[in-house]
Amino acid sequence: MTGSVPPAPEFGETLPVQAVPEVLAYLARRRSASAMALTAPGPSDAELADLLRLAVRVPDHGKLAPWRFVILRGPAKDAFAAKITTLADSQANPAKANAALRKLTRPPICVVVISRHIPGEIPEWEQRQSASAVCQQLLLAAPAMGYGANWITDWYSYDPRALEILGVEAGEQVAGYLYLGTTTEQPQERVRPDVAAITTEWTPG
Ligand SMILES: Cc1cc2nc3c(=O)[nH]c(=O)nc-3n(C[C@H](O)[C@H](O)[C@H](O)COP(=O)(O)O)c2cc1C
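Cut-offs applied
Residue positions are given per chain, counting from 1 as you read along its sequence in written order. Local features in this predicted model are restricted to residues of pLDDT 70 or higher, and side-chain atom pairs are both shown and tallied only at a pLDDT of 80 or more, whereas totals for entire chains, interfaces and linings draw on every residue. Numbering of helices and strands runs from the N terminus; a helix is a DSSP stretch of H or I covering at least four residues, while a strand is a stretch of E covering at least two. In this description the radius of gyration comes from C-alpha coordinates, and the expected globular size is given by 2.2 Å times residues to the power 0.38. Each residue is classified by how many other C-beta atoms fall within 10 Å of its C-beta atom, where C-beta atoms are placed from the backbone; a count of 20 or more means buried, 12 or fewer means exposed, and values in between mean partly exposed. Buried Ala, Val, Leu, Ile, Met, Phe, Trp, Tyr and Cys residues whose C-beta atoms connect them within 7 Å together make up a nonpolar core. A pair of residues counts as a contact when their C-beta atoms, built from backbone coordinates, are separated by no more than 7 Å. Being near a molecule or strand means, for a residue, that its backbone-placed C-beta atom lies within 6 Å of it. When residue character is reported, Ala, Val, Leu, Ile, Met, Phe, Trp, Tyr, Cys and Pro are called nonpolar, Asp, Glu, Lys and Arg charged, and the others, Gly included, polar. Expected helix span is taken as 1.5 Å per residue step, with the number of steps being one fewer than the number of residues. Only C-alpha atoms enter the line fits that serve as axes; for helices the fit covers just the stretch in contact. Angles between N-to-C directions range over 0 to 180 degrees. Each angle receives one of four descriptions, namely roughly parallel if under 35 degrees, roughly antiparallel if over 145, roughly perpendicular if within 65 to 115, and oblique otherwise. Should the near helix be turned anticlockwise from the far one by less than a right angle, the crossing is left-handed, and should it be turned clockwise, the crossing is right-handed. Pairing between strands is defined by DSSP: at least two bridges between the two strands are required.

## Focus: the overall build of the protein chain
On a plain count of helices and strands, the protein chain comes out with 6 helices and 5 strands. Starting at the N terminus, the α and β elements of the protein chain follow one another as α-β-α-β-α-α-β-α-β-α-β. On C-alpha atoms alone, the protein chain measures out to a radius of gyration of 19 Å, which is about the 17 Å that the 2.2 N^0.38 rule sets for 205 residues. Principal-axis analysis of the C-alpha atoms gives the protein chain an extent of 50 × 40 × 40 Å. Counting all 205 residues of the protein chain, 26% fall into the buried class.

## Points about the nonpolar core
Within the largest apolar cluster, 36 residues are counted, with the highest numbers of intra-cluster contacts made by V112, V113, L138, A149, L178 and L180. When residues of this core are traced back to their parent elements, those giving at least two are α2 (45-55), β2 (67-73), α3 (74-88), β3 (109-115), α5 (124-144), α6 (160-166) and β5 (173-183). Looking at this core, the element that brings in the most residues is α5, giving 7 residues. In contact with L178, other than residues within four places in its own chain, are C110, V111, V113, C135, L138, L139, A149 and W151.

## Description of the site of the ligand
Lining the immediate environment of the ligand, one finds R31, S32, N150, W151, I152, T153, D154 and G176. Broken down by element, the shell around the ligand gets its largest block of residues, 3 residues, from strand β4 (residues 148-152). For the shell around the ligand, a count of residues per class yields 2 nonpolar, 4 polar and 2 charged.

## Thoughts on α3
With 15 residues, α3 should cover 21 Å at 1.5 Å per step; its first-to-last C-alpha distance of 21 Å lies within 8% of that length. Check the buried side of α3 and you find it contacts β2, α4 (94-105) and α6.

## Some points on the packing of α3 against α4
Across the interface, α3 lies against α4 with an axial gap of 9 Å and an inter-helix angle of 165 degrees. Relative to α4, α3 is oriented roughly antiparallel. In the crossing of α3 with α4, the sense of the turn from one axis to the other is right-handed. From α3, A81, I84, T85 and A88 reach across to α4, where they touch P94, A97, N98, L101, L104 and T105.

## With respect to unusual backbone geometry
Backbone geometry follows two general trends: most residues other than glycine have a negative phi, and most peptide bonds adopt the trans configuration. Here the bond from A40 into P41 is cis, since omega is 0 degrees, no more than 30 degrees from zero. Topologically, P41 is positioned in the loop between β1 (38-39) and α2. Positive phi, close to 50 degrees, is recorded for A65, a residue that is not glycine. Tracing the sequence through the fold places A65 in the loop between α2 and β2. A65 sits in the partly exposed class, given 14 other C-beta atoms within 10 Å.

## Overview of the packing of α2 against α5
Here α2 crosses α5 at 135 degrees, and the two axes come no closer than 8 Å. The angle between the axes of α2 and α5 places the two elements in the oblique class. Viewed along their axes, α2 and α5 form a crossing whose handedness is right-handed. Here L51, L54 and A55 of α2 come into contact with α5, specifically with V134, Q137, L138, A141 and A142. Looking at the contact of α2 with α5 residue by residue, the classes come out as 7 nonpolar, 1 polar and no charged.

## Details of the environment of T183
Of note, T183 is situated in strand β5. Counting along the chain gives 148 residues from T183 to A35, while the straight-line C-alpha distance between them is 8.4 Å. Apart from the residues within four sequence positions on either side, T183 is in contact with A33, A37, L38 and G148.

## Topic: the pairing of β5
With respect to burial, β5 is a largely interior element, 9 of its 11 residues being buried. Where β1 and β5 come together, 2 bridges link them in antiparallel fashion. Paired with T39 across the strands is T182, a residue of β5. Note that β3 and β5 share 7 bridges and pair antiparallel. Note on β5: the bridge partner recorded for V111 is L178. Sheet topology places β4 next to β5; 5 bridges connect them, and they run antiparallel. Along β5, the bridge assignment pairs I152 with Y177.

Pasting the structure below:
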């Protein structure tokens, strides 16, 4: 939607730390779009490939790549949603569970970020955090390309039968359903936390 993403740097290439005022301006105003407002067109194949390439440029202790993607789109997404829908009535709050499914059915494309845990010396917590970073990176990259994006979990990220339908394996967890598309309404600023109220400076006792 907004042109090409620069190619990936060569391995070992110097990547200078430098001020990028445009990124600061973007971060100062970024917002998720409502999943319900996302419609076609979503990212093209080439744009999606670029988004995923950007998404994995996250901190990753041990270089384990403890995450993977499942793409939901087109008729396969419709088929997935139909299977998930059969599970909604057995949720604790069926009305709410069914309503939540509209976020799954409306957007044209979804990237499911699946957090993996690779046994070894790197704590599981750190591997899960890296998966969250992948989600956030997508949430930043997609709007920079002109697409609305929303990070959702909802009940089908946790229901064991829904996880089986998605193909989530032992040791894996859904980090997020990242819904992408063209937004039909522009988001408005929401309430933000008082940073000073949650910030202290440690001093020696
Ligand atoms: C891990 C995670 C899971 C979320 N799951 C949901 C969800 O299931 N349903 C929902 O309405 N919002 C959910 N949200 C919140 C949405 O992403 C929400 O649109 C977002 O907080 C808006 O804030 P922003 O505009 O600053 O990005 C979730 C957020 C996170 C970080």
